[in-house]
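Descriptive analysis of the structure
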Amino acid sequence: WYQRRVHGKQWYQRRVHGKQWYQRRVHGKQWYQRRVHGEDWRSLIMKNLLMAAVLIASTWKQTFASTSMTEENQKDIAEIARILRETVQPDLAELTTKHNLLVENAIAVIDKSLEYVDKFTEDLKTHLETRISAVDENAISNFELLEKTTGDMLTAFKDTMVTNLNNINTKSEEEHNEIIAWTHQRAHLHEDLLKTRVTACAYDHGHFGAGPVTYDSRDGGYIEDSVSIRIYNNTDIKPEEVLDRETGIFKVPEHGAGEYLFTFTVTIDSFDQKLSPSAYFFMKNDVKIEGTKIYANVGFSKNHDRVPGSRTILLKLEENDKVSVTQELETDVQDYQISFCGALLHLEKASESPGGLYADATAPQFPSGTEADQDAWEYEMPEFKTTTIEPFDYESNRNAKESIVGQTNILEEAKIESLKAEAEEWNKTNWP
């Protein structure tokens, strides 16, 4: 063992002169950096190094007791002992002190961090519970307000609808009655038009001489059931007001303008005439109507000389127009069996405006639909409560936070800037 370890210097060369162990562990600072800054087995290393030094010293002591060592080896051993005593041991002591300080500071920082986190969590919990409670209260209050407002609005809407429907019903009933009354009046006018009639026929035994034909002798009169006079709803018009037997004039009554039919018949005695046979004409407003002549000159004896003659004409007449028949020639023999009829065929009013005012859609009184009064209904938006979510700004434990930040400086104090062992000259030239 001694030859391999001392005289062969194999162990020493590999461990001391080669500086492999120290360069990898001390000068390279790989082990130191990984172990000093946060590792927990520094004390274990220090104990192992001390035990190794003691073991080496004890081994050498026993070796030197049994074997005489050279003076050079004794110097080297003394130098190693000095380095271990003056350099490595103080470094290990400083490492221990720094390590203990680091542990204490780390524990203090962790305790304060935990305290800060606990306080932060508690305050955040309180903040969230407060905000959630406020949100719940406002939500419940808003829902209750919405429910009440909706109920009130629906009630108001129903009342408004009922009022508006009643107004519509009332207005519709009024307009309905107006339409019925208006239609009733117009129907009355149509009925009056349909009821209007003007017919009158007069006759007489005969006519003699020139002049207007009349029908007022004691043998004359109105043909039975031929007189029917009614203008609209007026039935008080007398026959002589329309067909005057004394004058033989047919006069259009008031509101009786229209188309009329007139017929005149006569039996002319043509043979006994020494002057000339009779010639009859229709007259309108004392003016002879051309083309309406009735004339006959046939016959060959006193018993075979009476010729029946008849003429029917249509005239469009206005109110108070007069129609009659006249004989224009001087005769010396009487004609017989004369008759004159006038009848209204079509009332002019029935063509112009049968409904009158009630048929005029532009008349102000003409029925028309109008809007009923309608009450307005508007939805009133309820005023909901709003919830302000205040941001969580953790300021109540600022001192604790600053204290933690301050504790990080304590960690800097645990750093080791340099080691004494680094300044030692291990590569001694006089070492074997």
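Everything discussed here concerns the structure shown above.
Because the structure is predicted, anything quoted here is derived from the model rather than measured.

On to a negative patch on the surface. A contiguous patch of negative charge, built from Asp111, Glu115, Asp118, Glu122 and Glu129, is present on the exposed surface. Mapping glutamate 115 onto the fold places it in helix H6 (residues 71–195). With relative accessibility at 52%, the residue glutamate 115 sits in the exposed group.

Attention now goes to the state of the cysteines. Tallied over the full model, the rule gives one disulfide. Each sulfur of the disulfide joining cysteine 201 and cysteine 341 lies 2.0 Å from the other. Here the disulfide of cysteine 201 and cysteine 341 is right-handed, its torsion about the S-S bond being about 125°. A residue pair is termed long-range when its members are at least 10 positions apart, and cysteine 201 in strand E1 (residues 197–207) and cysteine 341 in strand E13 (residues 335–347) qualify at 140 residues.

Before going further, it helps to examine the nonpolar core. A general trend in soluble globular proteins is that nonpolar side chains are found buried together. One finds Phe250, Tyr260, Phe262, Phe264, Tyr280, Phe282 and Phe340 to be the most contacted residues of the largest nonpolar core, which totals 34 residues. Listing elements by their share of this core, those giving two or more residues are E1, strand E7 (258–269), strand E8 (279–284), strand E11 (306–317), strand E12 (322–327) and E13. The greatest single-element share of this core, amounting to five residues, is contributed by E7. If we ignore the near neighbours within four places in the chain, the residues touching phenylalanine 262 are Phe250, Phe282, Arg311, Thr312, Ile313, Leu315, Leu317, Val323, Phe340, Cys341 and Gly342.

Below, the discussion takes up unusual backbone geometry. In the Ramachandran plot, tyrosine 232 falls in the positive-phi region, its phi being about 55° despite a non-glycine side chain. As for its placement among the helices and strands, tyrosine 232 is situated in the loop between strand E4 (228–230) and helix H7 (239–242). A positive phi angle is found at asparagine 320, which is not glycine, with a value near 70°. Take asparagine 320: it is sitting in the loop between E11 and E12. With relative accessibility at 45%, the residue asparagine 320 sits in the partly exposed group.

What follows concerns the pattern of salt bridges. Counted by the stated rule, this structure contains nine salt bridges. Ionic pairing is found between glutamate 71 and lysine 75, a salt bridge with its closest N-O pair at 3.9 Å. Residue glutamate 71 and its partner lysine 75 are located together in helix H6, separated by four residues, close to a single helical turn. Here lysine 119 and aspartate 123 are joined by a salt bridge, their closest N and O atoms 3.6 Å apart. You can see lysine 119 and its partner aspartate 123 sitting in helix H6, four residues apart, about one turn around the helix. Of the residues examined, lysine 119 reaches a relative accessible area of 39% and is grouped as partly exposed. The network of salt bridges with common partners includes Glu79, Arg82 and Glu86.

The next point concerns the pairing of E12. In the case of a regular strand, side chains alternate between the two sheet surfaces. With five of six residues buried, E12 lies mostly within the body of the structure. Two strands pair when backbone bridges link them, and strand E2 (residues 211–212) and E12 are joined in this way by two bridges, in the antiparallel orientation. What sits directly across from proline 212, in E12, is threonine 326. Both strand E6 (residues 249–251) and E12 contribute to a ladder of two bridges, which runs antiparallel. Its bridge partner being in E12, lysine 251 is matched across the sheet by lysine 322. As judged from the five bridges shared by E8 and E12, these two strands associate in the antiparallel manner.

Across all of its chains, the model carries eight aromatic pairs by this definition. Arranged with centres 6.1 Å apart and planes meeting at 5°, the rings of tyrosine 215 and phenylalanine 340 form a pair that is stacked. Of this pair, tyrosine 215 sits in the loop between E2 and strand E3 (221–222) while phenylalanine 340 sits in strand E13; the two residues are 125 residues apart in sequence, bridging distant segments of the chain. For tyrosine 215, a relative accessible area of 0% corresponds to the buried category.

What counts as what
Residues numbered from 1 in each chain as written. Predicted model: local features only at pLDDT ≥ 70, side-chain atom pairs only at ≥ 80, totals over all residues. Heavy atoms only, no water. Patch = residues over 30% accessible without salt bridge, like charges linked within 9 Å, V, L, I, M, F, W, Y side chains within 5 Å. Areas by Shrake-Rupley, 256 points an atom, 1.4 Å probe, with all protein chains shown as cover. Salt bridge = Lys/Arg side-chain N within 4 Å of Asp/Glu carboxyl O. Lys, Arg positive; Asp, Glu negative; His and termini not counted. Charge placed at Lys NZ, Arg CZ, Asp CG, Glu CD. Helix = DSSP H or I, 4+ residues; strand = E, 2+ residues; numbered from the N terminus. Buried < 20%, exposed > 50% of the residue type's maximum accessible area, 1.4 Å probe, protein only. Disulfide = S-S within 2.5 Å. Core = buried A, V, L, I, M, F, W, Y, C linked by side-chain atoms within 4.5 Å. Contact = heavy atoms within 4.5 Å. Pairing = 2+ DSSP bridges. Phe/Tyr/Trp six-rings, centres within 6.5 Å; stacked < 30°, edge-to-face > 60°.

Remember, this is a structural readout, not a statement about activity or role.
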